[in-house]
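# A closer look at the structure
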Amino acid sequence: HALELMADAQDYAHHSDRSEIQTSDLLLAVEMKKEDASMMAGSECEPALLELSQQVNRRPLPPIPTHCYGGVLLPSAEHQLTSRTFDVV
């Protein structure tokens, strides 16, 4: 654990164009390690997010329009990137 913190602190020092580790680098490494651990453990709002995602996913997708070619609805020719953007004189 200590070696990981020292390696992270060295990375932060290197990113700041310093060759030696300062106290602030080590404190930042500890803080980031705590945040990583808390993110891995899950959050308090996880059940609420799960319920919300289930509600959203219960709604059916809109049907594919029948006038689509092969199921893909393309914009009008003037708005397509493959349309000609110049005139030959």
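Note that the coordinates shown come from a computational prediction; the quantities given were computed from them, not determined experimentally.

The rules behind the values
- Residues numbered from 1 in each chain as written.
- Predicted model: local features only at pLDDT ≥ 70, side-chain atom pairs only at ≥ 80, totals over all residues.
- Heavy atoms only, no water.
- Helix = DSSP H or I, 4+ residues; strand = E, 2+ residues; numbered from the N terminus.
- Buried < 20%, exposed > 50% of the residue type's maximum accessible area, 1.4 Å probe, protein only.
- Areas by Shrake-Rupley, 256 points an atom, 1.4 Å probe, with all protein chains shown as cover.
- Expected span 1.5 Å × (residues − 1).
- Arc of directions from axis to C-beta.
- Contact = heavy atoms within 4.5 Å.
- Salt bridge = Lys/Arg side-chain N within 4 Å of Asp/Glu carboxyl O.
- Patch = residues over 30% accessible without salt bridge, like charges linked within 9 Å, V, L, I, M, F, W, Y side chains within 5 Å.

Counting secondary structure elements, the chain contains three helices and zero strands. With 89 residues in all, the chain has 7% of them scored as buried. Counting every atom, the chain has about 8300 Å² of accessible surface; 61% of that belongs to carbon and sulfur.

Right, let's get into helix H1 (residues 2-15). Look at H1: 20 Å from first C-alpha to last across 14 residues, which is about the 20 Å you get at 1.5 Å a residue. Residues of H1 that are buried include every one of Leu5, Ala9 and Ala13, and no others. Along the axis of H1, the buried positions cluster into a sector of 75°, meaning they face one direction only. In H1, those exposed residues whose orientation departs by more than 90 degrees from the buried face are Leu3, His14 and His15.

To continue, consider the side chain of aspartate 25. Here aspartate 25 is to be found in helix H2 (residues 23-41). Take aspartate 25: its relative accessible area is 3%, and that puts it in the buried class. Filtering out sequence-adjacent residues up to four positions away, aspartate 25 remains in contact with Ala9, Tyr12, Ala13, Arg18 and Glu20.

Right, let's talk about the pattern of salt bridges for a bit. Following the criterion strictly, the structure yields four salt bridges and no others. Note that aspartate 8 and lysine 33 form a salt bridge whose closest N and O atoms lie 3.7 Å from each other. Residue aspartate 8 is located in helix H1, and its partner lysine 33 is located in helix H2; the two are separated by 25 residues in the primary sequence. For lysine 33, a relative accessible area of 24% puts it in the partly exposed group. Residue arginine 58 pairs with glutamate 51 through a salt bridge whose shortest N-O separation is 3.9 Å.

The next thing to look at is a nonpolar patch on the surface. Together, Met6, Ile21, Leu26 and Val30 make up a nonpolar patch on the protein surface, roughly 270 Å² of accessible area in all. The topology assignment puts isoleucine 21 in the loop between H1 and H2. Since its relative accessible area comes to 30%, isoleucine 21 is described here as partly exposed.

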